[in-house]
Amino acid sequence: MFEENDFGKPISEQMSTILRRNTDKDDLANIASKTDISFSTIRDVLYRTNSLTKTNSRAIKLLIRTAFENSFAKQLQAEGDKLYLDQFIQYENFNRF
């Protein structure tokens, strides 16, 4: 996933944005406990104030997987929400006539 030239510098802005959008502090805490990499280190890599290393990349890999799963869950939830809300919109449009 990461190559040698990725280490020693911050993750990309795009990666940071996507990971922050699709994870929360509980995800970071869970990954910290699984990897023995501190919450603050994971947070600092996530916010690009610390560089990616071979060691902390283990946590970032789990964070990427978690963000993917969370984004998929959000997508499914949003689709269900749209179907539910559409019923009200259709009802409102029908009652205008």
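Before any of the text, the structure's been laid out above.
Let me sum up the structure you'll find in this document. The numbers attached to residues start from 1 for each chain and follow its sequence in the written order. Selection of residues for local features in this predicted model requires a pLDDT of at least 70, selection of side-chain atom pairs for listing and counting requires 80 or more, and totals for whole chains, interfaces and linings are taken over all residues. Note: side-chain values were computed over all heavy atoms of the structure, leaving out hydrogens and water.

Our focus in this paragraph is the overall build of the protein chain. Put simply, DSSP H or I for four residues or longer makes a helix, DSSP E for two residues or longer makes a strand, and each gets a number counted from the N terminus. Looking only at helices and strands, the protein chain has 4 helices and 0 strands in total. Here the C-alpha radius of gyration of the protein chain, 19 Å, is well above what a compact globule of 97 residues would show, namely 13 Å. Along the three orthogonal principal directions, the C-alpha set of the protein chain runs to about 65 × 25 × 20 Å. Two residues qualify as a contact provided that any one of their heavy atoms is within 4.5 Å of a heavy atom in the partner residue. Counting contacts in the protein chain only where the partners sit at least 6 residues apart, residues at least 24 apart contribute 67% of the total. Each accessible area value is a Shrake-Rupley result obtained with a 1.4 Å probe; residue values ignore everything except the protein chains displayed when judging cover. Here the protein chain displays about 7,100 Å² of accessible surface, and carbon together with sulfur accounts for 53% of that area. Note on method: radius of gyration uses C-alpha positions; expected globular size equals 2.2 Å times residues raised to 0.38.

With that out of the way, let us pick up the side chain of Asn22. Inspection of the secondary structure assignment puts Asn22 in helix H1 (residues 13–22). Excluding residues within four positions of it along the chain, Asn22 makes contact with Asp27, Thr66, Ala67, Asn70, Ser71 and Lys74.

Let us look at the pattern of salt bridges. Just to be clear on terms, a salt bridge is a Lys or Arg side-chain nitrogen sitting within 4 Å of an Asp or Glu carboxyl oxygen. One pass over the structure, following the stated rule, counts 4 salt bridges. A salt bridge links Asp26 to Lys25, with the nearest nitrogen and oxygen atoms 3.8 Å apart. For Asp26, a relative accessible area of 45% puts it in the partly exposed group. Here the term buried applies to any residue with accessible area under 20% of the maximum for its type, exposed to any over 50%, and partly exposed to those in between, with areas from a 1.4 Å probe on protein chains only. Given a relative accessible area of 59%, Lys25 falls into the exposed group. For Arg43, the salt bridge identified is with Asp44, shortest N-O distance 3.2 Å.

What follows covers the packing of helix H2 (residues 25–35) against helix H3 (residues 39–46). For the pair H2 and H3, the least separation of the axes is 9 Å and the interaxial angle reads 125°. Classified by the interaxial angle, the pair formed by H2 and H3 is oblique. Relative to H3, the crossing made by H2 is right-handed. For the pair H2 and H3, the contacting residues are Lys25, Leu28, Ala29, Ile31 and Ala32 in the first and Phe39, Ile42, Arg43 and Leu46 in the second. In terms of residue class, the contact of H2 with H3 is built from 7 nonpolar, no polar and 2 charged. Lines are fitted to the C-alpha atoms to define the axes, a helix being fitted only along its stretch in contact, and any angle between axes, read from their N-to-C directions, falls within 0 to 180 degrees. Any angle that falls under 35 degrees is termed roughly parallel, while one over 145 is termed roughly antiparallel, one within 65 to 115 roughly perpendicular, and all others oblique. For a crossing to be left-handed, the near helix must be turned anticlockwise from the far one by less than a right angle; the clockwise case is right-handed. For this classification, Asp, Glu, Lys and Arg are treated as charged, while Ala, Val, Leu, Ile, Met, Phe, Trp, Tyr, Cys and Pro are nonpolar and the rest, including Gly, are polar.

Leu19, Ile42, Leu52, Ile60 and Leu63 are the most contacted members of the largest nonpolar core, which totals 16 residues. Those elements that provide at least two residues to this core are H2, H3 and helix H4 (57–95). When residues of this core are assigned to their parent elements, the largest contribution, 5 residues, is made by H4. When residues no more than four places from it in sequence are discounted, the contact partners of Leu52 are Phe2, Asp6, Phe7, Gly8, Lys9, Ile11, Val45, Ser57 and Ile60. Among the buried residues, those of types Ala, Val, Leu, Ile, Met, Phe, Trp, Tyr and Cys that are joined through side-chain atoms within 4.5 Å form a nonpolar core.

A separate point is H3. Buried within H3 are the following residues: Ile42, Val45 and Leu46. Taken around the axis of H3, the buried residues stretch over an arc of 100°, which confines them to a single face. The arc under discussion is defined with respect to the helix axis, by the directions toward the C-beta atoms.

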